[in-house]
Amino acid sequence: MSSQSANSYWKANLKIVASLLIVWFIVSFGAGILFVDALDTIRFAGFKLGFWMAQQGSILVFVVLILVYIRLMDRLDAQYTNDNAAENSAQSDEEAGQ
Amino acid sequence: MNVQTWTYLFVFLSFSLYIGIAIWSRASSTKEFYVAGSGVPPLANGMATAADWMSAASFISMAGLISFLGRDGTFYLMGWTGGYVLLALLLAPYLRKFGKFTVPDFIGDRYYSQSARLIAVFCAIVISFVYVCGQMQGAGIVFSRFLEVDIETGVLIGMAIVFFYAVLGGMKGITYTQVAQYCVLIFAFTVPAVFISLMMTGQPVPQIGFGSELTEAYGGGYLLDRLDGMSQALGFATYTEGQRSTQDVFFITAALMFGTAGLPHVIIRFFTVPNVRDARRSAGYALIFIAILYTTAPAVAAFAKTNLINTVSNAEYTAMPEWFKKWETTKLISFEDKNGDGRIQYVGDPAVNELDVNRDIMVLANPEIAGLPDWVIALVVAGALAAALSTAAGLLLVISTSVAHDMMKRSFMPDISDKKELLYARLAIFVAVLIAGYFGMYPPAYVAQVVAFAFGLAAASFFPAIVLGIFWKRMNKEGAIAGMVAGFGFTAAYIIYFRFMNPAIDNADNWLFGISPEGIGTFGTLINACVAITVARLTPPPPAAVIEIVERIRLPGE
C-alpha cells in the first residue's frame, strides 16, 4: 500500500473511532452520570429515564457502538484492500505495456 | 432430591466437563500454550473473554453491591461494560496486528527497552495476583456454604481443578474450558432471574420485569416505586437516587473503564484469534455475552432487595426460613435483638437496626429467599464456581506467561528452547496456583478493596502506555517509563495511604477533590499521560525501526 493511501486509511479510521467515542461519552458519562437527575424527570413504564440509562440503556448502546464499529471498519478495510488491488493491477498493466 | 444432592450432582458434572475439555485440548508448543495457536474462532473467543472477564465479583458480589448501593451501583455496570468500547476501538485490533503474545511484549518492543518490559511484567504480575486472590476466596465461600466443607478444603478442590487444566492445556485448555464455563454461568445467572421476575411481576424477561408492576401477591405498583417507598419508610436511601457526589461516581466509572481496557488477562485474549477482523468481531461478541449478565444484574438487585425487605422486616426471628439460619452459621447474616421483642428491625438507623446482611450473599441466597426449586439453587452454585475458576485460570496464565516468556525468554535467557520455555511456563503456573491458594485460604483483610486496587493500577499503568504507543508515533521509551512509574506510583500510594495506613480519615472530606480511592485510578491515568507526553517531548524521538512498527499496525487487514 502506498504511504498516501495508508495515511488516508488511518485518517478515516481515526474519524470512525472519534465519532463513536463521542457517542460513548455522551451516553455513559453524560446521560448516566452528569445529566441523570434531569433525565429522571422523564418517566416510561416503571423507570425514570436517567436511572434506566445508567443501569440498562448505556450498556445496550455500548453493544451497538461495537457492532457499528465492526461494520464500518469492515467496509473501510474492503475499500482500501480493493483500491490497493486495483492500483497494483494497474501498475502491472503499465509494466506489461512497456 | 434435596439441595445438597443437586449441588453435588451439578458441581460434579460441570467439573468433569472442564477436565474432559482440558484433556482434549492439550498444548504442545509455546504458541499453543500462550495464545492457543492464534486459532480460536471469534465466537468462541467472545465467550471465553466473557467468562474470563466475569469473575466471582461479577457473578456473586455485583448484584448484591447494587442492591445496597441503588443508583450509585451504576459505576460497576457502566464501568465494567463501557471499558469494552475502549478496548475494542483503541486497543484490541492494533495489539492483534502487532501480533505477539503478551502486553509486556508490546511495551518492551514498542518502547525498545528492557526496563520498560520489566516494569510491564511487574505491573502485570501485581495486578493479576491481587485479582486472583479474590477469585480463590469467592470459590472458598461457595464451597463452604453449599458443599459444607471447610473453606480450606474448598479452596484446595478449586486449586486442583484449575491447576489441572491450566497446566495441561495452557491458553488452549483455558479457552475451551472458559467457553463451557460461560454457558454454565450465564444459564445459572439468568434462570433464577427469570423465575423471580415471573413470580414477582409476571414478566419472563427480567430486564422488562425490572420496570413492571408487581403482582397482587406482592402488593401491586411498579417494582422500583415500591422499593423506593419501602426504603424511605425504613430510613434507607431512596433506591433510584444517588448518594455519592457526581464527581466521585464519574471518576470511579472512568477508573473501572480504563482499568477494564488495561487488564492484561483481558487484552491477552485478543492475541488468540486468527486476524484483526476476528479481533474486532470477538470484542463485539464478548460485550454481547457480558451485557446479558450485566443488564440482568440490576434487575436481580432490585428483586432481591424487595424480597429481602419483605421477608425480614419486622418478622418474628423464630419464624425465619431455613436459609436464614444456614447463612447465620457462616456469619454472613447476623441478628442482634437490641430491643428484645423477638422481631427483626431492619432499618437505616444503625442504632436501631438489628440485622446485618453481607452483600456477597444476595445472589447466592436470592433463589432461596424467593423459594425457588432446589435444582435452581444448585445451579447457582455451579455458576458461581464457573465464574471464579474461569477468571482465576485466565489470571494464572498471565502470571505464567509473564514469568516464562517475558522474564525468562525475552529478558534473561533469550537462547532458551521452546520445550524448556514451556516447562518454565508450567512451573510458573504451579507456583502461582499455590500462592493464590494460600491467599484464598488466609485472605488479606479487605478482599473487595484489594480488587478495586487492581483496576486502579491497570488503568494508571497500562492504558495510557498502550494507547499512546499506538496513536502517537513520537512517544518514546523515556516518556512511557516515566508515565508508567508516575501513574502506578501515585495510584498505589493514594490507595495504600487511605485504605491501609489511615482508614480512619478515609472519607470525602480528606480525599483529593472528593475522589475516593476506587476512583483515583482515573487521576493516575491522567498523571501517567501528562508525564509521558511531557517527558517524551523533552527527549529524543524513537528510532526509525520503532516508527515502522507503529506504521505497520496502522495498516488495514491481517
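Read on for an overview of the structure. This is a predicted model, so every value here is computed, not measured.

The subject of this paragraph is the overall build of chain A. Regarding its fold elements, chain A presents 3 helices and 2 strands. Listing each helix as α and each strand as β along chain A from the N terminus yields α-α-β-β-α. For chain A, with 98 residues in total, the buried portion stands at 31%. Long-range pairs, those at least 24 residues apart, make up 54% of the contacts in chain A between residues at least 6 apart in sequence.

This brings us to helix α4 (residues 56–69) of chain B. All names here are of chain B. Between the first and last C-alpha of α4 there are 19 Å, a value that for 14 residues agrees with the 20 Å anticipated at 1.5 Å per step. Of all the bends found along α4, the most pronounced is centred on Met 62 and spans about 45°. Buried residues dominate α4, accounting for 12 of its 14 residues. Regarding α4, the residues found buried are Ala 56, Ala 57, Ser 58, Phe 59, Ile 60, Ser 61, Met 62, Ala 63, Gly 64, Leu 65, Ile 66 and Ser 67.

Residue and element names in this part refer to chain B. It is the contact of helix α5 (residues 74–98) with helix α11 (residues 246–262), at a shortest axis distance of 7 Å, that shows an interaxial angle of 45°. Taken together, α5 and α11 sit at an angle that is classed as oblique. α11 is crossed by α5, and the crossing has right-handed handedness. Facing α5, whose interface residues are Phe 75, Tyr 76, Met 78, Gly 79, Trp 80, Gly 82, Gly 83, Tyr 84, Leu 86, Leu 87, Leu 90 and Leu 91, α11 presents Val 249, Ile 252, Thr 253, Leu 256, Met 257, Phe 258, Gly 259, Thr 260 and Ala 261. Of the residues contributing to the contact of α5 with α11, the split by class is 15 nonpolar, 6 polar and no charged.

Okay, the interface of chain A and chain B next. Across the boundary between the two partners, chain A contributes 35 residues, which contact 38 residues of chain B. When contributions to the side of chain A that touches chain B are tallied by element, the ones reaching two or more residues are α1 (3–34), β2 (47–48) and α3 (49–97) of chain A. Among the elements that line the side of chain A that touches chain B, the one with the most residues is α3 of chain A, at 18 residues. For the side of chain A that touches chain B, the per-class residue count stands at 25 nonpolar, 7 polar and 3 charged.

Along its 39 residues, helix α16 (residues 374–412) of chain B runs 55 Å from first to last C-alpha, staying within 8% of the 57 Å computed at 1.5 Å per residue. Within α16 of chain B, 34 of the 39 residues are buried, which leaves it mostly tucked inside the rest of the structure.

Moving on, we get to the environment of Arg 43 of chain A. Residue and element names in this part refer to chain A. With respect to the helices, strands and loops of the structure, Arg 43 is situated in strand β1 (residues 43–44). Arg 43 gets classed as partly exposed once you count the C-beta atoms within 10 Å, which come to 14. Spatially, the C-alpha atoms of Arg 43 and Leu 76 are 40 Å apart, while their sequence positions differ by 33 residues. If near-sequence neighbours (up to four positions away) are discounted, Arg 43 is found in contact with Lys 48 and Leu 49.

Okay, unusual backbone geometry next. All names here are of chain B. Of note in this structure, Tyr 112 is not a glycine but carries a positive phi near 35°. As for its position among the elements, Tyr 112 is in the loop between α6 (103–110) and α7 (114–146). Take Tyr 112: there are 16 C-beta atoms within 10 Å of it, and that puts it in the partly exposed class. With phi around 60°, Asn 314 is a residue other than glycine that occupies positive phi space. Turning to its location among the elements, Asn 314 is positioned in the loop between α13 (276–312) and α14 (322–329). Using a count of 12 C-beta atoms within 10 Å as the deciding quantity, one classes Asn 314 as exposed.

Definitions and cut-offs
Residue numbers run consecutively from 1 along every chain, following the written order of its sequence. Labels follow written order: the first chain is A, the first ligand is 1, and so on. Reporting of local features is limited, given that this is a predicted model, to residues whose pLDDT is at least 70; pairs of side-chain atoms are given and counted only at 80 or more, and all residues count toward the totals for whole chains, interfaces and linings. Runs of E in the DSSP output that reach at least two residues are strands. Runs of H or I that reach at least four are helices, and both are numbered from the N terminus. Field definition: a residue is buried when 20 or more other C-beta atoms are found within 10 Å of its C-beta, exposed when 12 or fewer are, and partly exposed for counts in between, with C-beta atoms placed from the backbone. Throughout, a pair of residues is in contact if the C-beta atoms placed from their backbones lie within 7 Å. Working rule for helices: expected span equals 1.5 Å times residues minus one. Note on bend: at a given residue it equals the angle between the axes fitted to the 7 residues ending there and to the 7 starting there. All axes are obtained by fitting lines to C-alpha atoms, using only the stretch in contact for helices, and the reported angles, taken between N-to-C directions, cover 0 to 180 degrees. Roughly parallel here means an angle under 35 degrees, roughly antiparallel means over 145, roughly perpendicular means 65 to 115, and every remaining angle is called oblique. Less than a right angle of anticlockwise turn of the near helix away from the far helix marks a crossing as left-handed, whereas a clockwise turn marks it as right-handed. Amino acid classes used here: Ala, Val, Leu, Ile, Met, Phe, Trp, Tyr, Cys and Pro are nonpolar; Asp, Glu, Lys and Arg are charged; the rest, including Gly, are polar.

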